[in-house]
Amino acid sequence: MARDERAAPGQGRYTRVAIWLHWIIAALVLFNLLSGLLHDYAPKGLPLIPWHKGIGIAVLFLSLARLGWRLAHRPPPLPPMPRWQVGTAHALHWLFYLLIVLMPLSGWVFSSTAVTRRPLTFLGLFDIPYLPLPQSPDGGAPAHTFHVYAGWIMAALVALHIAAALKHHFVDRDRTLARMLPGAEPAVR
């Protein structure tokens, strides 16, 4: 089995900014996945969808910041592992970046193109402007369909990501998970 030899012993860590953006976005994405799936079962009066929309916009802007940070700051090397795992890890991370930008954007599109617009606010604190798109009865249908399917793909990727991190930590006993855990060891600035 071929192994990737790029990683040196004593793995580095992600920067503090990358770590905190990762965990904040992760928490917001988990909330939005659950609120998107469970909003029909929520008690009447619980503002899940308005919160879902506001948090989605926060995910969009935090994700753009995270992507910019990632492009400007090289991540620490992966521990030695088979090349197929390295390739899979890189592909899944870039798919995450794509989805955490396109999912909120698609939600914003279908909220903006609805004939009957519902309030679009950031947690009731301030209004979020609608995108300058034409409103029509089916204008947001493709964006809504993408949003729903991408949500299921995101849920599967999150489960896979968590399973892989736990496998690296408990089975492989490498430093993959520790590179992204706050407080595991001093992070670089």
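You'll find the structure just up there.
Parameters at a glance
Residues numbered from 1 in each chain as written. Predicted model: local features only at pLDDT ≥ 70, side-chain atom pairs only at ≥ 80, totals over all residues. Heavy atoms only, no water. Helix = DSSP H or I, 4+ residues; strand = E, 2+ residues; numbered from the N terminus. Buried < 20%, exposed > 50% of the residue type's maximum accessible area, 1.4 Å probe, protein only. Contact = heavy atoms within 4.5 Å. Axes fitted to C-alpha atoms, helices over the stretch in contact; angles between N-to-C directions. Left-handed = near helix turned anticlockwise from the far one by under 90°. Patch = residues over 30% accessible without salt bridge, like charges linked within 9 Å, V, L, I, M, F, W, Y side chains within 5 Å. Areas by Shrake-Rupley, 256 points an atom, 1.4 Å probe, with all protein chains shown as cover. Salt bridge = Lys/Arg side-chain N within 4 Å of Asp/Glu carboxyl O.

1. Let's talk about the overall build of the protein
From N to C terminus, the protein includes four helices and two strands. When its C-alpha atoms are laid out on the principal axes, the protein stretches across 60 × 35 × 35 Å. Within the protein, buried positions represent 37% of all 189 residues. Put simply, of all contacts in the protein between residues at least 6 apart along the chain, 74% involve residues at least 24 apart.

2. Describing the environment of Val 171
One can find Val 171 in helix 4 (residues 141-172). When its relative accessible area of 62% is taken as the criterion, Val 171 is described as exposed. Along the primary structure Val 171 and Ile 100 are separated by 71 residues, whereas in three dimensions their C-alpha atoms are 29 Å apart.

3. Some points on the packing of helix 3 (residues 83-113) against helix 4
Two elements in contact, helix 3 and helix 4, have axes separated by 9 Å at closest approach and are oriented at 145 degrees. Here helix 3 runs over helix 4; the crossing is left-handed.

4. As for a nonpolar patch on the surface
Taken together, the side chains of Leu 34, Leu 37, Leu 38, Tyr 41, Val 148 and Trp 152 make up a nonpolar region of the molecular surface, amounting to roughly 670 Å² of accessible area. Among the elements of the structure, helix 1 (16-38) and helix 4 are those that each provide at least two residues to the nonpolar patch. If you tally residues by element for the nonpolar patch, the top one is helix 1, at three residues. Relative accessible area serves as the criterion here: at 53%, Trp 152 is assigned to the exposed category.

5. Notes on the environment of Leu 105
Within the element layout of this structure, Leu 105 appears in helix 3. Expressed as a C-alpha distance, the spacing of Leu 105 and Ala 178, which sit 73 residues apart in the sequence, is 31 Å.

6. A word on unusual backbone geometry
A negative phi holds for most residues other than glycine; trans holds for most peptide bonds. Not every positive phi belongs to a glycine, and Leu 123 is a case in point at roughly 50 degrees. For Leu 123, the location among the structural elements is in the loop between strand 1 (121-122) and strand 2 (126-127). In this structure, Arg 173 is a non-glycine residue whose phi angle is positive, near 55 degrees. As for its position among the elements, Arg 173 is in the segment after helix 4. Judged by relative accessible area, Arg 173 falls into the exposed class, the value being 66%.

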